[in-house]
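Okay, here's what each chain looks like letter by letter:
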Amino acid sequence: MKFNYLIYIILTFVFLQAKAQPYLLKSTDSEKSFQLHIYYGSEGKGAFVQYVGQKGIIPLKIRTVNIKMNAGNNVSAVYYNWDELTDGKITGNYSLNETAGKIFGAVYKRLKDGRIFKLEQITGNSVDNTQDKLLVNNVLITFSHNENTQLTFNYEPGKREALQLEGFDNPQQFRKSHIADYNFDGHDDVGFSIHDAGMGVYRTYTIFLYDPVSKRFKKLKEPTNTNAKCLGFCDVTLDTKNKLFFTSCRGGARWWSDVYRFDKANKLIWLRSKEEQ
């Protein structure tokens, strides 16, 4: 199966730490102290900050994501760097290191005067880490990592869509969020995954594609081709170079991958299935 292994490592690390989000940070060296929540998804996408006591949110655009490997060739830390956007213009920069669900070296740089504010993480019961938010294509998305299945797309003021995600029986399970251009149209889409209801050896996905015309997210219909080996979306990966969509599952003692391509109507067309070694 073709996919970017480096990105896979980053995503795996981010998902493992995602229970800690959102992070609550406070300034440490400014005359007027302030606190803020920072939210972000896979690869640092979907990010924004919300200052404590303020209703508005400030979008962040990811600039760089760098990973650090330890001696055992495992991810030990991820470094994120974002541009702060106000009315579409860059007004500042945020950066931080995430290690084992903890934040280190967080800094905000204000562009207008070059002033740097050091930030540190606040931990404890003041942070609700069961609910997360993402800002994708200027749409605020609210969901839960735990058994709460509610998903909300908040569009322009006064317009919201409340949906239900697939639930799971085991409260020890954990819902992951994914941000990727699943249909290769140049716009980020969102997905949510949980362990399969069987042996729990792969993850099943619910995917929502962004429609730039209506500016709404629409649920991607699962393919129904009888030649496919996998039912629904399982362990989804992408081949961005060839614009191919993979779904992989275990059937008996065998692992299978189904390969799809999107048509012009955003319908998945089955191309082939192959047994994975």
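In short, a report on the structure.

Rules behind the numbers
- Residues numbered from 1 in each chain as written.
- Predicted model: local features only at pLDDT ≥ 70, side-chain atom pairs only at ≥ 80, totals over all residues.
- Heavy atoms only, no water.
- Pairing = 2+ DSSP bridges.
- Helix = DSSP H or I, 4+ residues; strand = E, 2+ residues; numbered from the N terminus.
- Axes fitted to C-alpha atoms, helices over the stretch in contact; angles between N-to-C directions.
- Phe/Tyr/Trp six-rings, centres within 6.5 Å; stacked < 30°, edge-to-face > 60°.
- Buried < 20%, exposed > 50% of the residue type's maximum accessible area, 1.4 Å probe, protein only.
- Core = buried A, V, L, I, M, F, W, Y, C linked by side-chain atoms within 4.5 Å.
- Contact = heavy atoms within 4.5 Å.
- 1 Å grid on protein atoms, 1.4 Å probe; cavity = no way out; pocket = protein on both sides within 12 Å on 5 of 7 lines; lining within 4 Å.
- Points joined across faces, edges and corners; volume = space filled by probe spheres on them.
- Salt bridge = Lys/Arg side-chain N within 4 Å of Asp/Glu carboxyl O.

Further remarks concern the sheet that holds strand β13 (residues 176–180). The strand order across the open sheet formed by four strands is β13-β14-β15-β16, and the pairing between neighbours is antiparallel. Of all the strands in the sheet, the pair left with one neighbour each is β13 and β16 (216–219). Neighbouring strand axes in the sheet, compared pairwise and without regard to direction, differ in orientation by 25° on average. Of the pairings in the sheet, the one linking β13 to strand β14 (residues 189–195) comprises five bridges and is antiparallel in character.

On inspection of all chains with the given rule, the structure shows 19 aromatic pairs. Between Tyr40 and Trp82, the aromatic rings sit 5.1 Å apart at their centres with planes inclined by 50°, giving tilted as the arrangement. Taken together, the residues Tyr40 in the loop between β2 (35–39) and β3 (48–51) and Trp82 in strand β5 (residues 75–86) connect sequence positions 42 residues apart. Plain terms: the ring middles of Phe153 and Phe217 are 5.1 Å apart, the flat faces sit at 15° to each other, and that makes the pair stacked. Taken together, the residues span a long stretch of sequence, with Phe153 in strand β11 (residues 150–154) and Phe217 in strand β16 at a distance of 64 residues. Looking at Phe217, the relative accessible area reads 4%, which means it is buried. Three or more aromatic residues joined by ring pairs form one cluster here, namely Phe143, Phe153, Tyr155, Phe192, Phe208, Tyr210 and Phe217.

Grouped together as the largest cluster of nonpolar side chains are 20 residues, with contacts concentrated most on Leu36, Ile38, Tyr40, Trp82, Tyr94, Leu96 and Leu119. For this core, the secondary structure elements donating two or more residues are β1 (23–27), β2, β3, β5, β6 (89–99), β7 (102–110) and β8 (116–122). Setting aside residues up to four positions removed in sequence, Ile38 forms contacts with Pro22, Tyr23, Leu25, Phe48, Val49, Leu60, Trp82 and Leu96.

With that out of the way, let us pick up the environment of Glu147. By secondary structure assignment, the location of Glu147 is in the loop between β10 (139–144) and β11. Judged by relative accessible area, which is 45%, Glu147 ranks as partly exposed. In this structure, the C-alpha to C-alpha distance between Glu147 and Gln173, residues 26 residues apart in sequence, is 8.0 Å.

Once that is clear, we can look at the environment of Leu96. Assignment of secondary structure puts Leu96 in strand β6. Distance from Leu96 to Ala106, taken between C-alpha atoms, is 4.1 Å for residues 10 residues apart in sequence. Apart from the residues within four sequence positions on either side, Leu96 is in contact with Ile38, Tyr40, Val78, Tyr79, Tyr80, Trp82, Ile103, Phe104, Gly105 and Ala106.

Quick look at empty space enclosed by the protein now. Under the counting rule described, the total for this entry stands at two cavities of 30 Å³ or more. Its volume calculated, the second largest cavity comes out at about 30 Å³. What lines the second largest cavity is simply Leu165, Glu166, Arg175, Phe192, Ser193, Ile194, Thr204 and Thr206. Contributions of two or more residues to the lining of the second largest cavity are made by β14 and β15 (203–211).

Glancing now at the pattern of salt bridges. One pass over the structure, following the stated rule, counts eight salt bridges. As a salt-bridge pair, Lys218 and Asp211 come within 3.2 Å of each other at their nearest N and O atoms. Owing to a relative accessible area of 48%, Lys218 belongs among the partly exposed residues under this scheme. A relative accessible area of 19% places Asp211 in the buried class. Bridged by salt links that share partners, the residues Glu156, Lys159 and Arg216 form one connected network.

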